[in-house]
Protein chains: 2
Amino acid sequence: MADDTNLTLSRRGLMFVLSSPSGAGKTTISRMLLERDAHIRMSVSATTRPMRPGEVEGRDYFFVSQEQYDGKVARCEFLEYATVFGNSYGTPEAQIRDGLVAGQDFLFDIDWQGTQQLYQKMESDVVRVFLLPPSLDELRRRLTTRGTDSAEVIAARMARAQSEISHWDGYDYVLVNDDVEACYARVFQILEAERQRRARQTGLIDFVRDLMRPD
Amino acid sequence: MADDTNLTLSRRGLMFVLSSPSGAGKTTISRMLLERDAHIRMSVSATTRPMRPGEVEGRDYFFVSQEQYDGKVARCEFLEYATVFGNSYGTPEAQIRDGLVAGQDFLFDIDWQGTQQLYQKMESDVVRVFLLPPSLDELRRRLTTRGTDSAEVIAARMARAQSEISHWDGYDYVLVNDDVEACYARVFQILEAERQRRARQTGLIDFVRDLMRPD
């Protein structure tokens, strides 16, 4: 599909948000999208957490000090930011704005709060997709990764997943992930359809002008 | 794709509008959609024009007298209506509203004015797709169906097509139809993606309630 006319017209990129509770397949579907679609890439966050072996500055994260991070927050340089388990993360705005103009699509694997922050700043550029597990039993099964998990640990995971699910109505599309390939196919359909939106097909303005010239 | 989970949840239907200037493939793409997709059907209009051989009441049109038609207009029973070459046409509202609740999708092969009328009444149910010809030369070629067409006839058709094209920015999606199968694939992607919108997946409310029950 990458070679027909619409993709050769210039296009504004989009911000594709995938959220789900832990255990509903967000990470798997994200990886499939990045592997199979040449036009989307992960947004690179700034973080205060230490670099891990194998990670690359600017590819995995922009590694910054707490002082640098706080400065970026103070100067409103992040589209969304959050602190998780003592480490801080933020999405640099300039990178995204420049990319969108150049037709780059960005994937965001974030929770409902990050989604809300993105949407407030970039409304018409954001496409929000939420994945649901097929059932409560299946969610519990997926969250019980080891036979050694205590009942308390599992209950805490379930409570956290249900808390995330409770925000399902803040998304444009909600899919039930009961089969990973079928779910991927639907996510990809949504991505491709959203790329066709008139408001993103910036090249149409010149194209239509040419169709409208006096015959 | 018709058998996976999302389509078994109850869903509100949608109104899928295809518009294009004459010669941009609206009729062909409409026919392909009706043949290949089991969940969409043509909206059936009421009309004052006489029944033609082979036409069936209630399948092709609801055939009505001018007096009946005028009464329906006066009682606001049409979602959109227009008079073309002395014959009047209208889309009965009750049929559409009942169908949408039952999950029926409707296809509308109408011009920009009908699209505006539909959108004003049914905003969130309407998905508007506009097809463009690949170039002005190709449009002229497609509108020159017979070698015997006079220059005036062709010029009038071109003017009418360009007038329709000038309303391209009143649509949600605008596609360039330079290859009928590629264009169909994109139209179908849009239809499938729009079906997944949270606001149309009415069955999600019960589904999520079940996921949220105390574990």
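Above this note sits the structure.
**Q** Outline the overall build of chain A, supporting the account with residue identities and numerical values.
**A** Helix and strand counts for chain A come out as 9 helices and 9 strands. Overall size of chain A, expressed as C-alpha extent along the three principal axes, is 75 × 45 × 30 Å. For chain A, buried positions account for 36% of its 215 residues. Taking the intrachain contacts of chain A between residues at least 6 apart in sequence as the baseline, contacts between residues at least 24 apart amount to 72%.

**Q** Please provide a residue-by-residue account of the relation of the copies chain A and chain B, values included.
**A** Its rotation angle being 180 degrees, the transformation that places chain A on chain B also includes 0.0 Å of axial translation and leaves an RMSD of 0.0 Å. Here the copies are linked by what is in effect a two-fold axis. Minimal C-alpha distance to the rotation axis in chain A is attained by A:Gln189, lying at 2.7 Å. An overlap of 98% is found between the interface residues of chain A and their copies at the interface of chain B, pointing to a shared contact surface.

**Q** Outline the sheet that holds strand E3 (residues 45-47) of chain A, listing residues and values.
**A** Residues and elements named next belong to chain A. With respect to topology, 4 strands assemble into an open sheet ordered E4-E3-E6-E5, the strand pairing being mixed. The sheet is open, and its two edges are formed by strand E4 (61-63) and strand E5 (78-84), each paired on a single side. Neighbour to neighbour, the strand axes of the sheet diverge by 25 degrees on average, direction disregarded. Relative to strand E6 (residues 87-92), E3 runs antiparallel, the two sharing 2 bridges. Counterpart to Ala46 in the pairing with E6 is Gly90.

**Q** How would you sum up the pairing of E5(A)? Please name residues and give values.
**A** The sheet contact formed by E5(A) and E6(A) spans 5 bridges and is antiparallel. Across the sheet, the residue bridging to A:Ala82 is A:Tyr89, located in E6(A).

**Q** So what about the environment of A:Glu192? Which residues, and what values?
**A** Residue and element names in this part refer to chain A. Looking at the element boundaries, Glu192 is found in helix H8 (residues 180-195). You can call Glu192 buried: it has 20 C-beta atoms within 10 Å. Residues Glu192 and Gly25, spaced 167 residues apart in sequence, show a C-alpha to C-alpha distance of 20 Å.

**Q** Explain the interface of chain A and chain B to me, and be specific about the residues and the numbers.
**A** Contacts between the two partners involve 43 residues from chain A and, on the opposite side, 42 residues from chain B. Secondary structure elements with two or more residues in the side of chain A that touches chain B: helix H1 (5-8), helix H6 (136-143), helix H7 (151-165), strand E9 (173-176), H8 and helix H9 (204-211) of chain A. Take the side of chain A that touches chain B: its biggest share by element is 7 residues, from H8(A). Partitioned by chemical class, the residues of the side of chain A that touches chain B number 23 nonpolar, 7 polar and 13 charged.

**Q** A description of the sheet that holds strand E6 (residues 87-92) of chain B should follow, citing residues and the corresponding values.
**A** Two orientations exist for strands paired in a sheet by backbone hydrogen bonds: parallel and antiparallel. Residue and element names in this part refer to chain B. The strand order across the open sheet built from 4 strands is E4-E3-E6-E5, with neighbouring strands paired in mixed fashion. This sheet does not close on itself; its edge strands, each paired only once, are strand E4 (61-63) and strand E5 (78-84). Each strand of the sheet is rotated relative to its neighbour by a mean of 25 degrees, with strand direction disregarded. Where helix H4 (residues 93-101) meets the sheet, it contacts E5 and E6, and its direction lies at approximately 30 degrees from that of E6.

**Q** An account of helix H5 (residues 112-122) of chain B is needed here, citing residue identities and associated values.
**A** Residue and element names in this part refer to chain B. Among all positions in H5, only Trp112, Gly114, Thr115, Leu118 and Tyr119 are buried. Along H5, the residues classed as buried sweep out an arc of 155 degrees about the axis, all on the same side. In this fold, the buried residues of H5 make contact with strand E1 (15-19), E5, strand E7 (105-109), strand E8 (126-132) and helix H7 (151-165).

**Q** A description of the pairing of E9(A) should follow, citing residues and the corresponding values.
**A** Residue and element names in this part refer to chain A. Residue alternation in E9 divides its side chains into two sets, Tyr173 and Leu175 and Val174 and Val176, and both sets are buried. As judged from the 4 bridges shared by strand E8 (residues 126-132) and E9, these two strands associate in the parallel manner. Paired with Val129 across the two strands is Tyr173, which belongs to E9.

**Q** Outline the environment of B:Glu194, listing residues and values.
**A** Its location among the elements puts B:Glu194 in helix H8 (residues 180-195). In contact with B:Glu194, not counting residues within four places along its chain, are B:Leu14 and B:Val127.

**Q** Can you break down unusual backbone geometry residue by residue, with the values?
**A** One non-glycine residue, A:Cys76, lies in positive phi territory at about 55 degrees. Structurally, A:Cys76 is set in the loop between helix H3 (66-74) and E5.

**Q** Which residues make up the packing of H6(A) against H7(A), and what values do they have?
**A** Residues and elements named next belong to chain A. Where H6 meets H7, the axes come as close as 10 Å, and the angle between the chain directions of the two elements is 125 degrees. Between H6 and H7, the crossing angle belongs to the class labelled oblique. The handedness of the crossing between H6 and H7 is right-handed. When H6 is examined against H7, the residues Leu139, Arg140 and Leu143 are found in contact with a partner set consisting of Ile154, Arg157, Met158 and Ala161. Broken down by class, the residue content of the contact of H6 with H7 amounts to 5 nonpolar, no polar and 2 charged.

Here is what the cut-offs are and how they apply
- The numbering scheme is per chain: residues are counted from 1 as the chain's sequence reads.
- In the order they appear in the text, chains get letters beginning with A and ligands get numbers beginning with 1.
- Only residues with pLDDT of 70 or above have their local features reported here, since the model is predicted, and side-chain atom pairs are shown and tallied only from 80 upward, although totals for entire chains, interfaces and linings are computed over all residues.
- Each helix corresponds to a stretch of at least 4 residues labelled H or I by DSSP, and each strand to a stretch of at least 2 residues labelled E; elements are numbered beginning at the N terminus.
- Exposure criterion: with C-beta atoms placed from backbone coordinates, a residue whose C-beta has 20 or more other C-beta atoms within 10 Å is buried, one with 12 or fewer is exposed, and one in between is partly exposed.
- Throughout, a residue-residue contact means that the two C-beta atoms, derived from backbone geometry, are no farther apart than 7 Å.
- The copies were overlaid by least squares, fitting only the C-alpha atoms of residues that reach a pLDDT of 70 or more in each copy.
- In short, DSSP must find at least two bridges between two strands for them to pair.
- Orientation is described by axes fitted as lines to C-alpha atoms, over the contacting stretch for helices, and by angles from 0 to 180 degrees between their N-to-C directions.
- Under the convention adopted here, Pro, Cys and the residues Ala, Val, Leu, Ile, Met, Phe, Trp and Tyr are nonpolar, Asp, Glu, Lys and Arg are charged, and Gly plus all remaining residues are polar.
- Taking the helix axis as origin, the arc is that swept by the directions to the C-beta atoms.
- Each angle receives one of four descriptions, namely roughly parallel if under 35 degrees, roughly antiparallel if over 145, roughly perpendicular if within 65 to 115, and oblique otherwise.
- Left-handed describes a crossing whose near helix is turned anticlockwise from the far helix through less than a right angle; right-handed describes the clockwise counterpart.

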